[in-house]
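A closer look at the structure
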2 protein chains.
Amino acid sequence: MKYCSACGAEVGLRVPAGDQRPRHVCTACGSIHYLNPKLVAGALPIWEDKVLLCRRAIEPRSGFWTLPAGFMEIGESTGEAAIRETLEEACARIELGEMYTLVNLPQISQVHIIYRARLLDLDFAPGEESLETRLFAEHEIPWEKIAFRSIYLSLRHYFKDRANGHFLFREETLGALS
Amino acid sequence: MKYCSACGAEVGLRVPAGDQRPRHVCTACGSIHYLNPKLVAGALPIWEDKVLLCRRAIEPRSGFWTLPAGFMEIGESTGEAAIRETLEEACARIELGEMYTLVNLPQISQVHIIYRARLLDLDFAPGEESLETRLFAEHEIPWEKIAFRSIYLSLRHYFKDRANGHFLFREETLGALS
Ligand SMILES: [Zn+2]
Ligand SMILES: [Zn+2]
């Protein structure tokens, strides 16, 4: 951030009164511009014993498989974001279940939230950001080709919880890849 | 948002290729500036049968009582944010328990997350943003003077769950005040 989005003047880093850390402060109008972590919401859509995955058509991780998920928009809830992203990326309609995983990724300042969901019909298809959409039974999951660690974790938890007969909300924080 | 934070030129609203909604796009360098919901994280710090509340010294809701909570910073996890905010607003050290409530407030594009927590000692005191910090037993809670609905809900759930003998993670979405 180099310029003030309110007036167009240059911003400088300084610690505002009553604050503890440097912020981008406008040298002309004094506006303080905060940077905040971003929320990603998505779904784990289930049909019988299978889960719906999308193969990504865009970077990052183009060609890898993921659950439908994306950045939350202004004015929506986490659940609405999960439903919208599933429609956009997999052209799929779901009934939302419970919030299932919340994964912190502090290195990239993101929080990923995945809901369990029931796929309502089989009329899914790749959206603009997907190359392919497909249902996978547990033994078919392409574990080596999952796009993101938060998605990998959510899928692992899902199959373990399903085997145990009950689902538990889980929060995780992922560190740097070693 | 009127000016590009990357180059200082004017931004205009238009729908970028492959997108579904209008974004702030720079008329000079083409940067797309997304607006995203913000995460607020906080704690419900318990000492014996009492909960630690702070009376706000700042707007909004100055003079009203709240749990220690605030905007998540870049580079931290939701749990780290809750611990930091508790230290800043109540000068209090906590041991974090489980994530307890996640409250969507789509009208103001915020998501509030509250953790159960154990207060580690009684050396708490008002931080810069608080007028007063105090432990409250259930019958002492100033229900009419709680600053935010997400905090009110989290406290209500807490005392109900405690009476029932087990705590359940809860997601809520708050609509417009009627
Ligand atoms: Zn300015
Ligand atoms: Zn620009």
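The structure displayed is predicted, hence computed values, not measured ones. (Residues numbered from 1 in each chain as written. Chains lettered and ligands numbered in written order. Predicted model: local features only at pLDDT ≥ 70, side-chain atom pairs only at ≥ 80, totals over all residues. Heavy atoms only, no water.)

**Points about the coordination of the zinc ion (ligand 2)**
Residue and element names in this part refer to chain B. As a reminder, the rule being used: The rule for donors is simple: N, O or S, within 2.8 Å of the metal, or within 3.2 Å if the metal is Na, K or Ca. Water isn't counted, so a site may look like it is missing partners. Square planar and octahedral assignments, for four and six donors respectively, both demand that opposite donors be over 155 degrees apart and that all other angles lie between 65 and 115; tetrahedral needs four donors with all angles between 85 and 135 degrees, and anything else is irregular. Each helix is a run of H or I in the DSSP string that is no shorter than four residues. Each strand is a run of E no shorter than two, and both are numbered from the N terminus.
Cys 4 (SG), Cys 7 (SG), Cys 26 (SG) and Cys 29 (SG) make up the full set of protein donors to the zinc ion (ligand 2), lying at 2.2 to 2.3 Å. Classification of the site at the zinc ion (ligand 2) as tetrahedral follows from its 4 donor atoms and the range of 100 to 117° in their angles at the metal. Read in sequence order, the donor residues for the zinc ion (ligand 2) give the motif C-x2-C-x18-C-x2-C. Taken together, the residues span a long stretch of sequence, with Cys 4 in the segment before strand 1 (11-14) and Cys 29 in the loop between strand 2 (23-26) and strand 3 (32-33) at a distance of 25 residues.

**What to know about the coordination of the zinc ion (ligand 1)**
All names here are of chain A. Using the following cut-off: Only protein chains enter the accessibility calculation, which uses a 1.4 Å probe; a residue whose area is less than 20% of its type maximum is buried, one above 50% is exposed, and one in between is partly exposed.
Looking at the zinc ion (ligand 1), the protein donor atoms are Cys 4 (SG), Cys 7 (SG), Cys 26 (SG) and Cys 29 (SG), and they sit 2.3 Å from it. We note that the donor set of the zinc ion (ligand 1) lies within a single chain, spaced as C-x2-C-x18-C-x2-C. Classification of Cys 29 as partly exposed rests on a relative accessible area of 41%.

**Quick look at the pattern of salt bridges**
Operational definition: By salt bridge we mean one thing: a side-chain nitrogen of Lys or Arg within 4 Å of a carboxyl oxygen of Asp or Glu.
All told, the structure shown has 25 salt bridges over all chains when counted by the stated rule. Lys50(A) is the salt-bridge partner of Asp49(A), the closest N and O atoms lying 3.8 Å from each other. In this structure Lys50(A) comes out as partly exposed when scored by relative accessible area, which is 27%. For Asp19(B), the salt bridge goes to Arg23(B), with nearest N and O atoms at 2.7 Å. There is no split in this pair, since Asp19(B) and Arg23(B) are both buried. Through salt bridges with shared partners, a single ionic network connects Asp19(A), Arg21(A), Arg23(A) and Glu73(B).

**Thoughts on the relation of the copies chain B and chain A**
To be explicit about the condition: Here the copies were fitted onto each other by least squares, based on C-alpha atoms from residues at pLDDT of at least 70 in both. In this analysis, two residues are considered to be in contact whenever any of their non-hydrogen atoms come within 4.5 Å of each other.
For the pair chain B and chain A, the best superposition has an RMSD of 0.0 Å and corresponds to a rotation of 180° with a translation of 0.0 Å parallel to the axis. Both copies are brought into coincidence by an operation consistent with a two-fold rotation axis. The fraction of interface residues of chain B whose copies in chain A are also interface residues reaches 100%, indicating that both copies meet through the same surface.

**Some thoughts on the interface of chain B and chain A**
The cut-off we apply is this: Summed over both partners, the accessible area lost on bringing two parts together, with a 1.4 Å probe, is the buried area. Residues are sorted three ways: Asp, Glu, Lys and Arg are charged, Ala, Val, Leu, Ile, Met, Phe, Trp, Tyr, Cys and Pro are nonpolar, and all the rest, Gly among them, are polar.
Listed per partner, the contact involves 40 residues of chain B and 40 residues of chain A. Carbon and sulfur atoms supply 54% of the area buried between chain B and chain A, which totals about 3300 Å² over both sides. Here chain B is connected to chain A by 4 salt bridges. With a shortest N-O distance of 2.5 Å, Glu73(B) and Arg23(A) are connected by a salt bridge. Elements with a contribution of two residues or more to the side of chain B that touches chain A: strand 4 (38-47), helix 1 (78-90), strand 8 (94-105), strand 9 (110-119) and strand 11 (170-173) of chain B. Top element by residues in the side of chain B that touches chain A is helix 1 of chain B. It accounts for 4 residues. Its residues assigned to classes, the side of chain B that touches chain A comprises 18 nonpolar, 12 polar and 10 charged.

**Regarding the UniProt feature "domain: Nudix hydrolase" (unreviewed entry) in chain A**
Rule in force here: UniProt positions are given in the numbering used here, feature names are shortened, and annotations may be inferred rather than shown by experiment.
If you check UniProt for "domain: Nudix hydrolase" (unreviewed entry), the listed places come out as residues 36-159 of chain A in our numbering. Measuring from the first to the last C-alpha atom of residues 36-159 of chain A gives 33 Å, for a span that is 19% helix and 41% strand.

**So, the sheet that holds strand 2 of chain B**
The pairing of strands in a sheet happens through backbone hydrogen bonds and is either parallel or antiparallel. Residues and elements named next belong to chain B. Note the cut-off: Two strands qualify as a pair provided DSSP detects at least 2 bridges between them.
Spatially, 1-2-3 is the arrangement adopted by the 3 strands of the open sheet, whose pairing is antiparallel. Here the strands that pair on one side only, and so sit at the sheet edges, are strand 1 and strand 3. Bridging between strand 1 and strand 2 involves 4 bridges; their strand directions are antiparallel. Counted as the bridge partner of Val 11 is Cys 26 from strand 2.

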